[in-house]
Amino acid sequence: MPALGNVGAGPRARPGQPQGVAPTGNAVNRRVVWAVLFLLAPATSLQGADPAARAIREGNTLYADGQYTEAINKYNEALVEQPAALEPKFNKANGYYRLDDLGEAIDLYREVAAGSKDMALVAKAKYNLGNCFFQRGSKQRDSDLRKAIEDMETSITYWRGVLDIEPENQTAAENIEVARLTIKDILDQLKKQQEQQQQGQQDQQDQQQEQPSQSQQQQQPDQQSEQEQSGSQHDPNEAQSDHAQQDPNETQEDQQPEQPQAQEQQEPRQTQQATVPDATAQEILDKEQRQKQERQIRQRGSMPRVERDW
């Protein structure tokens, strides 16, 4: 985490104090400088036994003990005594920063940077504004990578403002480099995320295209099986229809020629019966006898003669 500017004299960091961890990501291999905040002396404008100065001193003691909420209350007491004082606002912003209320801290730091004529205090306010946006951008990496990049770029802008006032501020320069590496890492992460989304969309489109083709392939065997089934069902019907239609027709055709013959045979009988309605039984027997003899004579005449040897 970038170093946090302090008010008054005191060491920027000391051994044994916790060090900030560099932002997550393989591209960032450096630690961001972390300076423990020591508010050991109030601003020079609030000296003596003034109630505002006393409230600031008490607030600084509470802040050093990690009691940030109680320290903010003391800074508020100082602001009640001197509403225009910017030093209590700056210290109050530090307290909100420690409580992770970055929105409130940003508003107070901006008021100090815009209203103070003390350029050293302005530099500290801009430095800590850079810290706030860097911290907020780090949190955005889990939810919105684009907003994370925007916050990182804003932090670089404020740290450059520090270098405009204090070109020798090496910590601000190092923080700018860390923010750049972090942005590069986020861009790589964003690119990978976009590629995964595009791949997912492509896979989804491929699946949607495969489904109709699969359904068509499934329909074709179904249609073929249906055609085969219909064909297998149609052939017996045709055979039955052929047998049902052809066989009776053929028998009828075969029978139809015979019917006239029967009729023809019946007709002479009827004519004979009609012609000889009064014939007696004896006459009929005589006629049949004569016909029988005629047939025998014809048969004898048709038989070949056998020559005798004797």
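Residues numbered from 1 in each chain as written. Predicted model: local features only at pLDDT ≥ 70, side-chain atom pairs only at ≥ 80, totals over all residues. Heavy atoms only, no water.

Chemist: Would you explain the overall build of the protein in this entry?
Modeler: Scanning the protein from N- to C-terminus turns up 8 helices and 0 strands. Counted from the first residue to the last, the protein has its helices and strands arranged as α-α-α-α-α-α-α-α. Taking all 310 residues of the protein together, 30% fall into the buried category. In the protein, the share of contacts with a sequence separation of at least 24, taken over all contacts with a separation of at least 6, comes to 61%. Roughly 20,600 Å² of accessible area belongs to the protein as shown, and the carbon and sulfur atoms make up 45% of that amount. (Helix = DSSP H or I, 4+ residues; strand = E, 2+ residues; numbered from the N terminus. Buried < 20%, exposed > 50% of the residue type's maximum accessible area, 1.4 Å probe, protein only. Contact = heavy atoms within 4.5 Å. Areas by Shrake-Rupley, 256 points an atom, 1.4 Å probe, with all protein chains shown as cover.)

Chemist: Mind showing me how you'd approach the environment of methionine 152 here?
Modeler: Tracing the chain through its elements places methionine 152 in helix H6 (residues 145-165). Separated by 20 residues in sequence, methionine 152 and cysteine 132 place their C-alpha atoms 9.7 Å apart. In contact with methionine 152, not counting residues within four places along its chain, are Phe134, Gly137, Ser138, Ala179, Thr182, Ile183 and Ile186.

Chemist: Please clarify how the environment of glutamine 82 should be interpreted in this entry.
Modeler: The topology assignment puts glutamine 82 in the loop between helix H2 (68-81) and helix H3 (87-98). Linking glutamine 82 and proline 51, residues 31 residues apart in sequence, is a C-alpha distance of 9.3 Å. Polar contacts involving the side chain of glutamine 82 include one to the side chain of aspartate 50, which spans 3.4 Å. (Polar contact = N/O pair within 3.5 Å; in protein donor to acceptor, adjacent residues only side chain to side chain.)

Chemist: Would you explain unusual backbone geometry in this entry?
Modeler: Leaving glycine aside, a negative phi is the common case for residues, and trans is the common case for peptide bonds. Residues other than glycine seldom take positive phi values, yet aspartate 100 does so here, at roughly 70°. Summarising the element assignment, aspartate 100 is placed in the loop between H3 and helix H4 (102-115).

Chemist: Hey, could you run me through the nonpolar core in this one?
Modeler: Taken as a class, soluble globular proteins show a tendency for nonpolar side chains to be buried jointly. Formed by 19 residues in total, the largest nonpolar core has its most connected members in Phe90, Tyr97, Ala105, Tyr109, Leu129 and Cys132. Residue contributions to this core peak at 7 residues, all from H4. Ignoring any residue separated from it by four or fewer positions in sequence, one finds alanine 105 in contact with Ala93, Tyr96, Tyr97 and Cys132. Residues Ala148, Ile149, Ile183 and Ile186 belong to the second largest nonpolar core, which totals 16 residues. (Core = buried A, V, L, I, M, F, W, Y, C linked by side-chain atoms within 4.5 Å.)

Chemist: Would you mind showing me how to read H6 here?
Modeler: Because each turn of an α-helix spans 3.6 residues, side chains separated by three or four positions end up pointing in the same direction. With 21 residues, H6 extends 31 Å between its outermost C-alpha atoms, agreeing within 8% with the 30 Å of an ideal straight helix rising 1.5 Å per residue. A distance of 3.2 Å separates the backbone nitrogen of arginine 146 from a side-chain oxygen at the start of H6, and that oxygen is part of aspartate 144. (Expected span 1.5 Å × (residues − 1).)

Chemist: What is the right way to read helix H5 (residues 119-140) from this model?
Modeler: With 22 residues, H5 should cover 32 Å at 1.5 Å per step; its first-to-last C-alpha distance of 31 Å lies within 8% of that length. Put simply, aspartate 118 is the residue that caps the front of H5, since its side-chain oxygen is 3.1 Å from the backbone nitrogen of alanine 120.

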